[in-house]
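Close look at the chain arrangement
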Amino acid sequence: MERRQWSGGGNGQGGAGSSVNRGGLQPGGVAPVGGPGPGGRRFGTKIEKPRDMRGTLRRLLGYLRPYSVTLVAAAILVVASTFLDLVGPYLNGVAIDRFIVRRDLVGLGRIVLLMIGVYLVVWALRVVLARLMVAMVQKMMRTMREQLFGHLQTLSLSFFDQHPHGDLMSRLTNDLDALGRLLAQNVTDLIGGLLSLVGIVVMMFSINFWLSLGSMFVFPLMLWFTGWVGKRTRQGFRDYQMRIGQLNGELEEIFSGQRVIIAFGQEGSTLSKFDRVNEETRDVGIRAQTYATLIPPLMGIFSNANIAILAGLGGWMVIRGWATVGTILTFYNYSRRFAGPLRQLGDLYNQIQSALAGAERVFELLDQQPEILEAPNAIVLDKVKGDVVFDHVNFSYVPNVPVIKDMSFHAEPGKTLALVGPTGAGKTTMINLLSRFYDIQSGSIRIDGVELRDYNKASLRRKLGVVLQDTFLFSESVMENIRYGRLDATDEEVIAAATLANADQFIRRLPQGYQTELSERGSNLSQGQRQLLAIARAILADPGILILDEATSSVDTRTEQHIQQALLRLMEGRTSFVIAHRLSTIREADTILVINDGEIIERGTHQELLAQRGFYHHLYMSQFRGQGVAEV
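Conventions adopted
- Residues numbered from 1 in each chain as written.
- Predicted model: local features only at pLDDT ≥ 70, side-chain atom pairs only at ≥ 80, totals over all residues.
- Heavy atoms only, no water.
- Core = buried A, V, L, I, M, F, W, Y, C linked by side-chain atoms within 4.5 Å.
- Buried < 20%, exposed > 50% of the residue type's maximum accessible area, 1.4 Å probe, protein only.
- Helix = DSSP H or I, 4+ residues; strand = E, 2+ residues; numbered from the N terminus.
- Contact = heavy atoms within 4.5 Å.
- Pairing = 2+ DSSP bridges.
- Axes fitted to C-alpha atoms, helices over the stretch in contact; angles between N-to-C directions.
- Parallel < 35°, antiparallel > 145°, perpendicular 65-115°, else oblique.
- Left-handed = near helix turned anticlockwise from the far one by under 90°.
- Nonpolar A, V, L, I, M, F, W, Y, C, P; charged D, E, K, R; others polar.
- pLDDT = per-residue confidence, 0-100.
- Phe/Tyr/Trp six-rings, centres within 6.5 Å; stacked < 30°, edge-to-face > 60°.
- Lys NZ or Arg CZ within 6 Å of the ring centre and 35° of its normal.

Attention now goes to the nonpolar core. If you look at the biggest cluster of nonpolar residues, it comprises 45 residues, and the most contacted ones within it are I482, I507, L533, I535, I586 and Y616. When residues of this core are assigned to their parent elements, the largest contribution, seven residues, is made by helix α16 (residues 527-541). Each residue touching L533, except ones within four places of it in the same chain, is listed here: L473, V478, I482, F506, I507, L518 and L525. Among the nonpolar cores identified, the runner-up in size contains 38 residues, and I404, L452, V466 and L593 belong to it.

See the structure below:
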């Protein structure tokens with residue numbers, strides 16, 4: 001084969017996924033090529049109106065259904081512990097009326113031991129209950145995280161273009177954690193509190209009807225106030241959690257661009273921008289917490305009012321001989337316990353509102369439908385010849401703003417097709433469409449005679465090898481970063497791929513060789529070293545169709561030669577698409593397509609295009625003017 005020079009790019013994203021296949025890229029692993037449209041535009045972050053509380057609770061019950069046995073056991077423990085906890089105040093009254101008043105020390109000792117035993121049993125039951133609920137909730141949270149993360153993997157790039165990554169991370173972490181705390185702790189507290197209220201009411205009415213009516217006087221006011229505040233609290237926490245997601249998105253963007261921020265001395269403006277978002281979050285948080293903090297103190301006021309009513313009415317009844325001191329003490333204890341669950345329920349109501357707001361945000365993500373759908377009976381692409389056809393393809397990221405216009409071309413198997421043109425012309429979009437990151441609006445894209453949308457997406461992407469200009473490496477060892485191209489590859493196969501990519505020598509000079517741990521995004525390697533690892537990853541994946549996107553545009557001449565040698569080995573026998581701005585690197589391409597404003601304006605070999613003295617000739621000569629380059 002004739003020696004040729006090519007330009008490509010960084011990421012040997014042969015891809016990785018859950019399944020492993022020798023000789024192919026992993027499902028869904030081709031790295032995103034380019035942004036959502038011209039300039040990498042990010043769309044708005046408006047979130048759909050959330051569902052009502054009942055709908056959210058119904059969906060949560062669906063996740064709890066597999067743990068019905070555990071829930072029954074937990075319910076039994078809650079009932080038992082609540083019942084035994086209510087026995088204590090009753091025994092207090094009995095101790096006064098039957099033993100203290102009669103000075104019966106033996107009987108008093110027995111009832112004290114009984115009370116201690118009851119409270120020890122209550123403690124043991126609650127420990128078992130807590131352990132049971134925590135284990136169940138953690139299993140459920142794992143299931144929800146897996147389901148949510150797995151669902152995110154099915155969504156198209158356009159979804160991620162429109163949603164800040166920090167907000168998505170917040171839903172996976174903060175919102176699910178809030179829901180987990182609700183289920184692990186607050187649900188049992190809520191059930192226990194409600195049972196305590198019911199039990200206290202039953203016990204009080206069974207002891208003295210009139211004292212019970214007096215104790216219930218403030219109860220309707222408590223219920224009304226809790227409902228009034230609850231509606232406002234729920235909306236406040238929902239807004240607050242949305243703001244937290246936006247704040248996380250801002251932080252993620254700042255941390256990712258810290259090098260640029262420092263290089264341009266924009267620390268001050270970045271801090272001002274963060275302060276603005278932080279202040280907005282603070283204001284929303286103040287509104288949410290203001291409503292939340294109204295309930296506990298007012299519950300305390302209602303509780304104290306209830307004690308005052310009980311003291312006046314009970315004292316009058318004792319004076320009249322209609323009640324005993326022990327009965328009044330029992331009612332006093334029950335009244336204090338009655339206020340306790342109410343106050344606790346007030347606190348829990350706020351936490352429940354926060355957790356349900358988070359659950360609604362999680363379910364909003366789960367309800368997102370993938371735009372790139374799998375065809376019924378999709379064809380598994382096993383062996384690929386590499387015959388690629390674009391037939392009158394039209395595409396736009398935003399309606400009525402065309403990016404690709406009536407584009408047609410044919411790339412024959414094993415041939416090299418170069419794409420050149422100014423920035424924003426649509427070259428990267430063509431690669432996005434070939435990788436089926438987006439679906440076209442009209443026309444047809446075919447590989448080996450089959451419409452792209454008829455192929456199984458995972459098998460299609462296993463046969464595509466994309467090497468991007470901006471290489472993405474994981475915070476793992478060099479060995480594992482290369483192995484990402486094919487997860488079942490042996491160490492020997494990884495080393496062989498690195499050798500073919502001209503990367504073996506520099507890898508062995510690293511502190512731990514192939515076991516050297518890379519920092520985030522491989523920042524402890526040079527740009528050229530990262531690109532060589534990306535090429536090794538693509539060699540290991542062994543794709544049928546190769547896409548190279550500016551692999552040598554940001555490296556020195558000597559490194560460029562090493563990368564070009566590696567790319568030549570990688571391209572042998574494969575249909576290759578090469579995006580290049582350095583036109584000297586694509587002279588030997590079989591066909592060069594000149595793209596401008598989403599259209600093919602010229603096509604041919606290097607010599608043919610120069611002879612036309614058109615757009616390509618102008619681009620080529622402008623790069624080498626003053627360097628003595630002949631126009632032949």
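As a further point, take the sheet that holds strand β6 (residues 464-467). Pairing between the strands of a sheet is mediated by backbone hydrogen bonds and can be parallel or antiparallel. Reading across the sheet, the six strands line up as β6-β7-β8-β3-β9-β10 and stay open at both edges, with mixed pairing between neighbours. Bordering the open sheet on either side are β6 and β10 (599-604), each of which pairs with just one other strand. With strand direction ignored, the average angle separating the axes of adjacent strands in the sheet is 20°. Relative to strand β8 (residues 575-579), helix α11 (residues 427-434) is tilted by about 150°, and along the sheet it contacts β3 (416-420), β6, β7 (545-549), β8 and β9 (591-596).

It is at 9 Å that the axes of helix α2 (residues 68-100) and helix α3 (residues 105-154) come closest, and there the two elements cross at 160°. As summarised for this structure, α2 and α3 are arranged roughly antiparallel, according to the angle between their axes. Crossing of α2 against α3: the hand is left-handed. Its residues assigned to classes, the contact of α2 with α3 shows 27 nonpolar, five polar and two charged.

Bringing the environment of T188 into the picture now. Relative to the assigned elements, T188 resides in helix α5 (residues 165-207). Given the relative accessible area of 12%, T188 is considered buried. Residues T188 and R126 lie 62 residues apart in sequence; the distance between their C-alpha atoms is 9.7 Å. Excluding its chain neighbours within four sequence positions, the residues that come into contact with T188 are V78, L129 and M133.

A word on the confidence of the model for the protein chain. When pLDDT drops low, the exact placement of atoms in the prediction is not to be read closely. Residues at a pLDDT of 70 or more form 84% of the protein chain, whose mean pLDDT is 76. When the criterion is pLDDT under 50, residues 1-50 qualifies, and its contacts beyond four places in sequence or with other chains add up to 191 contacts. Here residues 626-632 scores under 50 on pLDDT; set against residues more than four positions off or in separate chains, the count is eight contacts.

A few words now on the packing of aromatic side chains. Per the stated rule, a full pass over the model turns up nine aromatic pairs. Between F474 and Y484, the ring centres sit 4.7 Å apart and the planes meet at 45°, which makes this aromatic pair tilted. With F474 in the loop between β6 and α13 (478-483) and Y484 in the loop between α13 and α14 (491-500), this residue pair connects regions lying 10 residues apart in the sequence. Feature note: the residues F390, F409 and F577 constitute an aromatic cluster, connected by ring pairs. Across the ring face of F363, the terminal group of R59 is positioned such that the distance to the ring centre comes to 4.3 Å.

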